[in-house]
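# What the coordinates show
Letter by letter, the chains look like this.
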Amino acid sequence: MATENKNLSVYNKNTIPNAKALRFGIVVSEWNAEITEGLFDGAKEALIDCGALEENITRWNVPGSFELTFGSKKLATTHNVDAIIAIGSVIQGETKHFDFVCSATAQGIKDLNVQLDIPVIFCVLTDNNMQQARERSGGKHGNKGTEAAIAAIKMATLGA
Ligand SMILES: Nc1c(NC[C@H](O)[C@H](O)[C@H](O)CO)[nH]c(=O)[nH]c1=O
Ligand SMILES: CC(=O)[C@@H](O)COP(=O)(O)O
């Protein structure tokens, strides 16, 4: 199912564990800040709506999506968190750089999920244009930050 046919912000709290005892790290890329701030707001709002305490949410900023891997690894190895949400917005430009940034970021975050003992949630939009990014960070398709927060809670409590 494509995002076109799904609202990223819809969730059923009855199916989600309470997050009161959980600690979260959120690493936010500064590229396309209009988009990444919207994703961050959606993620933070959903975490708190599901019981997380604001003081248990640690935010770090990194320059771009490519740096999300290092930032997430450093946060995970220096702070006691139960899950990390890596937030970025990559938008196609004139060159192939988009392809390399998207691939490296996805592979890097995937690798962290193999190497670390906590989940790192891939909250990186990879859009053809700004309109698509706006539609997925609080627009008509909802907010991928919300979706990522729910995934973080579910993965942090997996098997509990
Ligand atoms: N064009 C975008 C970038 N590019 C920057 C890279 O992510 C990286 O910071 C740079 O190559 C230095 O290592 N980053 C985004 O997050 N979004 C873009 O659209
Ligand atoms: C994803 C990018 O790095 C891209 O926005 C950079 O733009 P360009 O390909 O025009 O240099």
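As annotated in an unreviewed UniProt entry, the protein carries the name 6,7-dimethyl-8-ribityllumazine synthase and is attributed to Euzebyella marina. Its UniProt record, at the heading Sequence similarities (unreviewed entry), says of the protein: "Belongs to the DMRL synthase family." Under the Pathway (unreviewed entry) heading, UniProt states for the protein: "Cofactor biosynthesis; riboflavin biosynthesis; riboflavin from 2-hydroxy-3-oxobutyl phosphate and 5-amino-6-(D-ribitylamino)uracil: step 1/2."

All right, on to the site of ligand 2 then. The full set of residues close to ligand 2 is V90, I91, G93, E94, T95, H97, F98 and V101. Of all the secondary structure elements, the ones that give two or more residues to the shell around ligand 2 are β3 (83–91) and α3 (97–115). The element best represented in the shell around ligand 2 is α3, accounting for 3 residues. A class-by-class count of the residues in the shell around ligand 2 yields 4 nonpolar, 3 polar and 1 charged.

This brings us to unusual backbone geometry. Most peptide bonds adopt trans geometry, and most residues besides glycine take a negative phi value. One non-glycine residue, N32, lies in positive phi territory at about 55°. C-beta crowding within 10 Å serves as the criterion here: with 21 such atoms nearby, N32 is assigned to the buried category.

Let us look at the site of ligand 1. Close contacts around ligand 1 come from 13 residues, with W31, G64, S65, F66 and V90 the closest. Per element, the largest residue contribution to the shell around ligand 1 is 4 residues, and it comes from β3.

The rules behind each value
- Residues numbered from 1 in each chain as written.
- Chains lettered and ligands numbered in written order.
- Predicted model: local features only at pLDDT ≥ 70, side-chain atom pairs only at ≥ 80, totals over all residues.
- UniProt positions renumbered as here; feature names shortened; annotations may be inferred.
- Near = placed C-beta within 6 Å.
- Helix = DSSP H or I, 4+ residues; strand = E, 2+ residues; numbered from the N terminus.
- Nonpolar A, V, L, I, M, F, W, Y, C, P; charged D, E, K, R; others polar.
- Buried ≥ 20, exposed ≤ 12 C-beta atoms within 10 Å, placed from the backbone.

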